[in-house]
Every structure is written in C-alpha cells, then in structure tokens.
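So you can see what is in the structure, the chains are spelled out below.
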Amino acid sequence: MVLLQQQNQLEKVVETNKITSRFGLVLTEEDAKVILEERLRSLREQNRVEFGEGIVSKIIYEFCDSEYISQQNYVETIIRLQEIFYLYKNEMRDEITDDELLHLMKEQFEKICFGDLEYLEETCLADFAEAIRAGYRGYKASDGYGEYQKFDRVKRWDYGMYLETLKELCWR
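Let me begin by describing the structure that accompanies this report. (Residues numbered from 1 in each chain as written. Predicted model: local features only at pLDDT ≥ 70, side-chain atom pairs only at ≥ 80, totals over all residues. Heavy atoms only, no water.)

1. Re the state of the cysteines
Step number 1: This structure, assessed with the given rule, holds 0 disulfides.
Step number 2: With no disulfide of its own, cysteine 64 has cysteine 113 as its nearest cysteine by sulfur position, at a separation of 18 Å.
Step number 3: A disulfide-free cysteine, cysteine 124 has its sulfur positioned 3.6 Å from the sulfur of cysteine 113, the nearest such atom. (Disulfide = S-S within 2.5 Å.)

2. Considerations on the packing of aromatic side chains
Step number 1: Throughout the structure, instances matching the rule amount to 7 aromatic pairs.
Step number 2: Consider the rings of tyrosine 68 and phenylalanine 114, whose centres lie 6.4 Å apart with planes at 80 degrees: the pair is edge-to-face. Taken as a pair, tyrosine 68 in the loop between α4 (56-63) and α5 (74-91) and phenylalanine 114 in the loop between α6 (98-111) and α7 (117-133) lie far apart in primary sequence, 46 residues in all.
Step number 3: Residue tyrosine 68 is classed as partly exposed on the basis of its relative accessible area, which comes to 24%.
Step number 4: An aromatic cluster is defined as three or more aromatic residues linked by ring pairs; in this entry it consists of Phe63, Tyr68, Phe109 and Phe114. (Phe/Tyr/Trp six-rings, centres within 6.5 Å; stacked < 30°, edge-to-face > 60°. Helix = DSSP H or I, 4+ residues; strand = E, 2+ residues; numbered from the N terminus. Buried < 20%, exposed > 50% of the residue type's maximum accessible area, 1.4 Å probe, protein only.)

3. Examining the nonpolar core
Step number 1: If you look at the biggest cluster of nonpolar residues, it comprises 45 residues, and the most contacted ones within it are Met92, Met105, Leu120 and Leu125.
Step number 2: If you list the elements that add at least two residues to this core, you get α1 (2-15), α3 (29-45), α4, α5, α6 and α7.
Step number 3: Those residues in contact with leucine 120, other than ones at most four positions away along the chain, are Leu81, Ile84, Met105, Gln108, Phe109, Cys113 and Leu125. (Core = buried A, V, L, I, M, F, W, Y, C linked by side-chain atoms within 4.5 Å. Contact = heavy atoms within 4.5 Å.)

4. Points about the pattern of salt bridges
Step number 1: The tally for this structure, following the rule as stated, stands at 14 salt bridges.
Step number 2: Its salt-bridge partner being glutamate 121, residue arginine 80 comes within 2.4 Å of it at the nearest N-O pair. Of this pair, arginine 80 sits in helix α5 while glutamate 121 is found in helix α7, placing the two residues 41 residues apart along the sequence.
Step number 3: Since its relative accessible area comes to 16%, glutamate 121 is described here as buried. (Salt bridge = Lys/Arg side-chain N within 4 Å of Asp/Glu carboxyl O.)

5. Section: the packing of α5 against α6
Step number 1: Orientation of α5 relative to α6, taken along the N-to-C sense of each, is 125 degrees, at an axis distance of 11 Å. On the basis of their axis angle, the class for α5 and α6 is oblique. Remark: the crossing between α5 and α6 carries right-handed chirality. When α5 is examined against α6, the residues Thr77, Leu81, Ile84, Phe85, Tyr88 and Lys89 are found in contact with a partner set consisting of Asp98, Leu101, Leu102, Met105 and Phe109.
Step number 2: Residues belonging to the contact of α5 with α6 are distributed by class as follows: 8 nonpolar, 1 polar and 2 charged. (Axes fitted to C-alpha atoms, helices over the stretch in contact; angles between N-to-C directions. Parallel < 35°, antiparallel > 145°, perpendicular 65-115°, else oblique. Left-handed = near helix turned anticlockwise from the far one by under 90°. Nonpolar A, V, L, I, M, F, W, Y, C, P; charged D, E, K, R; others polar.)

6. Examining α7
Step number 1: The largest bend along α7 measures about 35 degrees and falls at leucine 125.
Step number 2: Within α7 the residues assigned to the buried category are Leu117, Leu120, Glu121, Cys124, Leu125, Asp127, Phe128, Ala129, Ala131 and Ile132.
Step number 3: Buried residues along α7 sit in contact with α5, α6 and α8 (139-142).
Step number 4: Directly after α7, the chain includes glycine 135, whose backbone phi takes a positive value near 110 degrees. (Bend = angle between axes of the 7 residues up to and from the residue.)

7. Points about the packing of α5 against α7
Step number 1: Contact pair α5 / α7: the axes reach a minimum separation of 10 Å and the direction vectors enclose 20 degrees. Considering their axes alone, α5 and α7 lie roughly parallel with respect to each other. You can see that α5 and α7 cross each other, and the crossing is right-handed. For the pair α5 and α7, the contacting residues are Thr77, Arg80, Leu81, Ile84, Leu87, Tyr88 and Glu91 in the first and Leu117, Leu120, Glu121, Leu125, Ala126, Ala129 and Arg133 in the second.
Step number 2: Looking at the contact of α5 with α7, its residues break down into 9 nonpolar, 1 polar and 4 charged.

Shown next as structure tokens:
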C-alpha cells in the first residue's frame, strides 16, 4: 500500500512537467524522488503527517512561473519551499489553509523577497505567523493575497520616498 502511494506521488510530481515545461522547468524522475524524500524528512522534522497527494505539486504549480526560479535552482528551491511551508503551517498553528499560505508565500517571494528564501522564511513569514498567533484573521477574506503589507516592519521605497530622498541629496 505504501509503495503504491509513493509511486502515485512520484507520478503526480513528474506530471507537473506538463505545465512547468512552459516556463523552462522540468523534473526528472530522480529529481522527483529527491524532492519526495526531502518531503518525508521535513514532515518528520516538523512532526507533521500528510495524507493523499501532499503539498509538493501545489508548491510546484504555485511557483513555476516565478522569475526567480530557473532550471539550475529548481529542485533546491522546491525542497526549501516545502520545508518553509511545513514550518509555517506549524508556526501558524494550522489556522491558515494550504492555499492561503501558498498564496502568501508566492506573493512575498516575488514582490518583497525577490527570490530570497531566507528573507521569506525569517522575516516575511515570521512576521505574519506572529500576527496569526496574536489572533489576526483578515487573510481569510483575501485568500492570503495582499496581506503582508499590513505587518511589514521594513519601510519600502516608493516613488514619494524616492523623490524626498533625491531632494535631500541634491540640497546638501
């Protein structure tokens, strides 16, 4: 039974190539095996159990169009993303759905972290997890989109800030 389930998961992960190949991302069967082995390690490390297909294919589909993922870093990035996913499912006490967390992760990965997985894990998701643990539930109405800005502690550059800084520099 377990072998059949593992083979089914392997086939599902390899099947993602039908979509991801459009973005120049392809997994070999060996790549898929490595990803699934790391999935099991992450699940054990986070004391989690997963039934059915699991989260790997969803992560692949959510992130395959990222400008920060290339064939060279594809396998390693998917492995890290699933580690981060399981960690923050725990940190957020399973209050957030898989899809909400994936949307939040992808949006921050693209717009705030610019592909930096460490920043995603240690800053963006840590801040958001803190808000969830404190009782924040506003993400439910947005399915996880557009939520991080409410908790971002870092002042970001915008056009007004740019002009203000430019004026300061020019008048010195």
